[in-house]
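Read off the chains here:
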Amino acid sequence: MNIGIDIGGSHIGVGLVGSSGKVINKKEVDITEKDKKNIEKMILNTIINFVKSILKEQDIETRELGYIGIASPGTIENNCIYNVVNLGLEKLDIAKVIKKEFGLEVKIKNDAKCAGIAESMYGRTKAAQDNIYLCLGTGIGGAAFLSNKLVEPRYKSGMEFGHMIIQKDGRQCKCGSKGCFETYCSMKVLKQEIRETLELDENETSANIVNEIRKHINDLRIQPIIDEYVQYLAIGISNLINIFEPEMVCIGGSFVFIGDLIIPKVKKEIQDKKLLFNPRKEIDIVLASLGNDAGIIGAASLL
Ligand SMILES: [Zn+2]
C-alpha cells in the first residue's frame, strides 16, 4: 500500500492505494480563492491532515506503507515543485516536510505523467504497449509510453505536448511562445469560447458549460468553434502519432465529458486531411477510464 496525492489546479486529493491500483480510502477538498492567499500552508496542512485521518480510519500505521507519491503540476526538480501558475505557487519544498512528518520516502512526478501511468497500468491503455496519454484540462499535459515504459528524459521533465507550436505567430501562450497547442485545444480555452458565444455567465460552473456544449453541439453558433477546435486537435494528435507511432492515444482531463462527441470528428479530420505520415485504417483515440482517481493511483504506482 502507498499513499497517492493529487495536487490539481482547483483541488487536492489524497488516497490510500492498494497493490492492484485500487483506491481503498480517499479524501478530497477544493482549493478556494481564499486558500490561494497562503497556498503553501494550505497544501501542506491538507495533505498532512488527510494522510493522518486515512491512516486512523483504516487502522494502519506508517510502517505498513511503502511510500508517499505526489502528482503535481508545474516544474519538478530535486523533489521540489516550482512555478504552478494556476495556484500562484512559486516554490514548494514539499518532499522535505512530508518526509519529516511521516518518515516515509516521498516521490513527486508531473500530474499528467502520473495519470498516464495509471491508465497504462490499470486503465484504458493497459493493452497498448506503445501509447500516448494526453490530458486536456486547464492546460495540456501528457506522457509517452514505448514498450510499456514511460519515456523520461534525464534532466528535464519533457513531453510538454501543450507547448508544441502548431500555428506560426499564433495565440500568445503563458510560456512566452506563440501558437502553442494548449492555446487552441485546452478545455479552458474551449469552455471560454463557448461561454462567450452563448453569453453564459462568467461564473458558470465547468459542469454546466460541458452540459451546454453537449446540448448545443449542432447549434450553428457553436459549430464554427467546434470545427476549429477539431482541426487544431487533429493537427496536435497527428504530430504525436507521427513522432511516436503509438498503438493508442488516450485522452484524459475534463475533455472526457465531451470526448464521445469530438473524437469521431477528430478521426475524420485526420483521415480527410491525410495528416498521418504512415496512414492507418483505424486510428485508436480513446478516453481515459480512471477519471479523477488517475492522478492518485499513478502517484501511488511510481517505480
Ligand atoms: Zn506554450
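Conventions adopted
Residues numbered from 1 in each chain as written. Predicted model: local features only at pLDDT ≥ 70, side-chain atom pairs only at ≥ 80, totals over all residues. Heavy atoms only, no water. Donors = N, O, S within 2.8 Å, 3.2 Å for Na, K, Ca; no water. Tetrahedral: all angles 85-135°; square planar, octahedral: opposite > 155°, others 65-115°. Helix = DSSP H or I, 4+ residues; strand = E, 2+ residues; numbered from the N terminus. Salt bridge = Lys/Arg side-chain N within 4 Å of Asp/Glu carboxyl O. Buried < 20%, exposed > 50% of the residue type's maximum accessible area, 1.4 Å probe, protein only. Pairing = 2+ DSSP bridges. Axes fitted to C-alpha atoms, helices over the stretch in contact; angles between N-to-C directions.

**Q** Sorry, what's going on with the coordination of the zinc ion here?
**A** Ideal geometry at a metal centre: 109.5 degrees between donors when four sit tetrahedrally, and 90 or 180 degrees when six sit octahedrally. Surrounding the zinc ion are the protein donor atoms His163 (ND1), Cys173 (SG), Cys175 (SG) and Cys180 (SG), at 2.0 to 2.4 Å. One can describe the site at the zinc ion as tetrahedral: its 4 donor atoms subtend angles covering 105 to 120° at the metal. Counting the intervening residues between successive donors of the zinc ion yields the motif H-x9-C-x1-C-x4-C. Note that histidine 163 is positioned in the loop between β11 (149-150) and α4 (182-185) and cysteine 180 in the loop between β11 and α4, a separation of 17 residues in sequence.

**Q** I keep staring at the pattern of salt bridges and nothing clicks. Help me out?
**A** Two side chains of opposite charge can pair, provided their charged atoms sit close to one another. Enumeration according to the criterion identifies 19 salt bridges in this entry. Between glutamate 77 and lysine 156 there is a salt bridge, with its nearest N and O atoms 3.2 Å apart. Linking glutamate 77 in strand β5 (residues 75-77) with lysine 156 in the loop between β11 and α4, this pair joins segments that are 79 residues apart in sequence. In this structure, lysine 215 and glutamate 212 form a salt bridge, with 3.4 Å as the shortest nitrogen-oxygen distance. Here lysine 215 pairs with glutamate 212, and both are found in helix α6 (residues 206-215), just 3 residues apart, close to one helical turn. Here glutamate 212 falls in the buried class, since its relative accessible area comes to 17%. Among the ionic contacts, a cluster of salt bridges with common partners joins Lys26, Glu28 and Asp293.

**Q** Help me understand the sheet that holds strand β7 (residues 89-92) in this model?
**A** Either a parallel or an antiparallel arrangement is found when strands of a sheet pair, and the pairing is made through backbone hydrogen bonds. Spatially, β5-β6-β7 is the arrangement adopted by the 3 strands of the open sheet, whose pairing is antiparallel. Of all strands in the sheet, those with a lone pairing partner are β5 and β7, marking the two edges. Strand-to-strand twist in this sheet, taken as the mean axis angle between neighbours without regard to direction, amounts to 15°. Across 3 bridges, the pairing between β5 and strand β6 (residues 80-84) is antiparallel. Residue pairing across strands places threonine 75 opposite tyrosine 82, the latter belonging to β6.

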